Amino acid sequence: MASQEQSSSSGFSLEGIQDVQDFNWIVLLETIQEDQGDSLDTRRSTHLRDLMKNGNKAFREDRYEEAVNCYSRAHNIKPDDPIILGNRCAAYLRIGQFLKHRPASASERRPLSGLDPTTHAGLALKDAEQFMKTQNNSVMAYILKANALILLERFELARDVTLAGLQVDASSNALKNLERYSMNRLQLHAGILFVVHAFSSQWIGETDAHCAEQFCLSVLGLVQSGAICFRILVLHYVAAKVSLGGSPSSGHNALVHASRKTAFTLNMILICFSSFFLSVTLKNIIERNFPVEYAERKLEHDSLTNMGPDLLPLFVMDVVLPCQKFHLNIFEARYRLMVRRIMEGNRRMGMVILDSTTGSVAEYACEVEITDCEPLPDGRFFLEVESRRRCRILRNWDQDGYRVAEIEWVQDLSPLEGTKERSDLQDMTDKVAEYARSWIKVAQEAARGDQMRLTELHKAEGLMPSTRDFESFSFWLATLTNRRPQERLDLLRIRDTTAVLDFIFVFFTKR
């Protein structure tokens, strides 16, 4: 987690938390004795000092997760200490900013499966608020809270906090910078609302106020999430105004010029309709006034949401086998865009790992289907997905920040009906199935005190396919064995069901 990568990729730099605080150990020991008498023995006191030393060392070496762990253990020994809370808050903020602005190439090479940036910023906000309760006259408390609110994109509250902090210390450059940034973001949002309101009024008029209001809110949401560039939105507004109030040809040229500025803006009109509840009035007005542009956008939009049987958008993270069910937290802007498009199409994408030897995606992937999609207020998506079938990637390319691949579907070469080979394969499948059922029962008994493990086992048991579907059953068995990524990738390549069953059977017989 390099600090250079963090600052270079971010439009916002954390203010006032370049370093963490060290304990004055003599003062700390006196405070502990006053608070707890002799209940905190020398051993625990030394342990607390070591935790804070190790946490600060980890923070200064950009190992923020390790720092959070040390500070949290120190917090258990001495709850609500302002230095511990402030240091842990700073570590949470550093992690949150790193994740929020992590380059796409880095996330493909080293996928992350921990907490998302919004959660880290929320944890930082809790620590900052607790810090403020213990020391409401501390400028650092206001600095930490404002940084957390900005990462959460709650700019109005952030500005209120900075103004309150400047009452405590009017000379704080960190608070001045944070106040300036918050104000700029608020002015940007106000400008967006003005332009969008004017835009909707020009097209809709005063006859459908509800539609105009919904249009404003929908476009504002897209701009805030990064889906639409504000500069392009202004160009669209100018083009529409010229077209409605001036010559049609000048409006047409301005709109075409604006639409070519960014690839995603080509879909702005259609995304507003498909993602938000708008009346058909606006759609009809746009289609009537801009028929050529609307047709072009619709054609491209359809090609991106319904790619055809041999094209698949890729989520580069890990090797997935068929017959799995799991959750994904989508927070990167490029994947949020991809999910929006997938949800308007067939709800399917490919999951693949990056091949460390070639620097590109692996040759084999697995198609997954989004079975449940929960959009979150900050633009993230919480998905439930089920893996379906294997595919081989023939070629892949970049599409608006994420990868799209041309693929061919892969199936096992099964023996023909009525042959001895098929009968032998059925016998072997039934035999392995008995071992698997027995193994699941034993595992469930052993996991009686572990609710999370029990839930996983019940979920896996519910996904068990028929033993007559040899290929699906063999991969379901493989999901029980917790193989390493390279081993799972090798399984995706195999087209001999007997070989897969042999490979998995060894696992169950050794248990």
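Worth saying up front: this structure is predicted, and the values here are computed from it rather than measured. (Residues numbered from 1 in each chain as written. Predicted model: local features only at pLDDT ≥ 70, side-chain atom pairs only at ≥ 80, totals over all residues. Heavy atoms only, no water.)

Student: Let's hear about the overall build of the protein chain: which residues, and what values?
Tutor: Each helix and strand counted, the protein chain has 22 helices and six strands in total. A total of 511 residues make up the protein chain; the buried ones form 47% of that total. A sequence separation of at least 24 residues applies to 67% of the contacts in the protein chain between residues at least 6 apart. (Helix = DSSP H or I, 4+ residues; strand = E, 2+ residues; numbered from the N terminus. Buried < 20%, exposed > 50% of the residue type's maximum accessible area, 1.4 Å probe, protein only. Contact = heavy atoms within 4.5 Å.)

Student: An account of the UniProt feature "repeat: TPR" (unreviewed entry) in the protein chain is requested, with residue identities and associated values reported.
Tutor: With numbering aligned to this structure, UniProt lists the feature "repeat: TPR" (unreviewed entry) at residues 48-81. Along residues 48-81 the backbone is 79% helical and 0% strand, and the end-to-end C-alpha distance reaches 12 Å. (UniProt positions renumbered as here; feature names shortened; annotations may be inferred.)

Student: I'd like a description of the state of the cysteines, backed by residues and values.
Tutor: Counted by the stated rule, this structure contains zero disulfides. C366 supplies the cysteine sulfur nearest to C391, a cysteine that is in no disulfide, at a spacing of 7.4 Å. Note on C391: relative accessible area 0%, which makes it buried. (Disulfide = S-S within 2.5 Å.)

Student: Explain the packing of aromatic side chains to me, using residue names and the numbers behind them.
Tutor: Throughout the structure, instances matching the rule amount to four aromatic pairs. On the numbers, 5.3 Å between centres and 65° between planes, the contact of F59 with Y64 is edge-to-face. Look at F315 and Y335: their rings are 4.6 Å apart centre to centre, the planes differ by 85°, and that puts the pair in the edge-to-face class. With a gap of 20 residues between them, F315 in strand β1 (residues 311-316) and Y335 in helix α17 (residues 333-344) connect regions that are remote in the sequence. The class of Y335 is buried, set by a relative accessible area of 2%. The ring of W409 carries R389 above its face, with NZ or CZ at 3.6 Å from the centroid. (Phe/Tyr/Trp six-rings, centres within 6.5 Å; stacked < 30°, edge-to-face > 60°. Lys NZ or Arg CZ within 6 Å of the ring centre and 35° of its normal.)

Student: Explain the nonpolar core residue by residue, including any values.
Tutor: Among the nonpolar cores identified, the biggest contains 64 residues, and L328 and L383 are the most heavily contacted of them. If you tally residues by element for this core, the top one is helix α18 (residues 420-446), at eight residues. Beyond its immediate sequence surroundings of up to four residues, L383 is in contact with F326, H327, L328, I330, V339, I370, D372 and C373. Ranked by size, the runner-up nonpolar core spans 51 residues in total, among them L48, A58, I84 and F131. (Core = buried A, V, L, I, M, F, W, Y, C linked by side-chain atoms within 4.5 Å.)

Student: Let's hear about the packing of α18 against helix α20 (residues 470-479): which residues, and what values?
Tutor: A pair of packed helices is captured by two measures, namely the crossing angle of their axes and the spacing between those axes. Contact geometry for α18 and α20: axes closest at 11 Å, N-to-C directions at 30°. Taken together, the axes of α18 and α20 lie roughly parallel to each other. Between α18 and α20 lies a crossing whose hand is left-handed. Where α18 approaches α20, its residues R422, L425, Q426, T429, V432, A433, A436 and I440 are matched on the opposing element by F470, F473, W476 and L477. For the contact of α18 with α20, a count of residues per class yields nine nonpolar, two polar and one charged. (Axes fitted to C-alpha atoms, helices over the stretch in contact; angles between N-to-C directions. Parallel < 35°, antiparallel > 145°, perpendicular 65-115°, else oblique. Left-handed = near helix turned anticlockwise from the far one by under 90°. Nonpolar A, V, L, I, M, F, W, Y, C, P; charged D, E, K, R; others polar.)

Student: Give a detailed account of the pairing of strand β2 (residues 325-330), specifying residues and quantitative values.
Tutor: Residues of β2 alternate between two faces, with F326, L328 and I330 buried on one and K325, H327 and N329 left unburied on the opposite face. Both β2 and strand β5 (residues 381-399) contribute to a ladder of six bridges, which runs antiparallel. Counterpart to K325 in the pairing with β5 is E386. (Pairing = 2+ DSSP bridges.)

Student: Lay out unusual backbone geometry with the relevant residues and their values.
Tutor: Even without glycine at this site, D62 takes up a positive phi of about 65°. Topologically, D62 is positioned in the loop between α3 (42-60) and α4 (64-77). A positive phi angle, close to 70°, is found at C323, a residue other than glycine. Structurally, C323 is set in the loop between β1 and β2. Residue C323 is classed as buried on the basis of its relative accessible area of 16%.

Student: So what's going on with the pattern of salt bridges? Which residues, and what values?
Tutor: The final tally for this structure, using the stated rule, is 30 salt bridges. A salt bridge links D127 to R88; the shortest N-O distance between them is 2.8 Å. Residue D127 is found in helix α7 (residues 117-134), and its partner R88 is found in helix α5 (residues 82-100); the two are separated by 39 residues along the sequence. Here the two residues D127 and R88 agree in accessibility, since each one is buried. (Salt bridge = Lys/Arg side-chain N within 4 Å of Asp/Glu carboxyl O.)

Student: Describe the pairing of strand β3 (residues 348-352), listing the residues and the values that go with them.
Tutor: In terms of burial, β3 is a largely internal element, four of the five residues being buried. Where β3 meets strand β4 (residues 364-375), four bridges bridge the pair, whose relative direction is antiparallel. Across the sheet, R348 pairs through a bridge with E369, a residue of β4.

Student: Describe in detail the packing of α7 against helix α8 (residues 139-151), supporting the description with residues and values.
Tutor: One way to put it is that α7 packs onto α8 with a least axis distance of 8 Å and a crossing angle of 155°. In terms of their interaxial angle, α7 and α8 are classed as roughly antiparallel. The interaxial crossing formed by α7 with α8 has left-handed handedness. Where α7 approaches α8, its residues A121, A124, L125, A128, E129, F131 and M132 are matched on the opposing element by M140, A141, Y142, L144, K145, A148, L149 and L151. Partitioning the contact of α7 with α8 into residue classes produces 13 nonpolar, no polar and two charged.

Student: Describe the side chain of S387, and please don't skip the residues or the numbers.
Tutor: Mapped onto the elements of the fold, S387 is located in strand β5. At 2.5 Å, the side chain of S387 forms a polar contact with the backbone oxygen of L321. Beyond its immediate chain neighbours, meaning those up to four positions away, S387 contacts V320, L321, P322, C323, Q324, C366, E367 and V368. (Polar contact = N/O pair within 3.5 Å; in protein donor to acceptor, adjacent residues only side chain to side chain.)

Student: Go over α8 with me, naming the residues and quoting the values.
Tutor: With 13 residues, α8 should cover 18 Å at 1.5 Å per step; its first-to-last C-alpha distance of 19 Å lies within 8% of that length. The buried count for α8 comes to 12 of 13 residues, which makes it a mostly enclosed element. Listing the buried residues of α8 in full gives V139, A141, Y142, I143, L144, K145, A146, N147, A148, L149, I150 and L151. Looking one or two residues past α8, E153 carries a phi angle of roughly 60°, positive in sign. (Expected span 1.5 Å × (residues − 1).)

Student: Kindly report on the environment of C366, identifying the contributing residues and their values.
Tutor: Along the chain, the position of C366 falls in strand β4. Looking at C366, the relative accessible area reads 0%, which means it is buried. With 15 residues separating them along the chain, C366 and M351 place their C-alpha atoms 5.5 Å apart. Sequence-distant contacts of C366, that is, excluding residues within four places in its chain, are made with V320, L321, P322, M349, G350, M351, S387, R388, R389 and R390.

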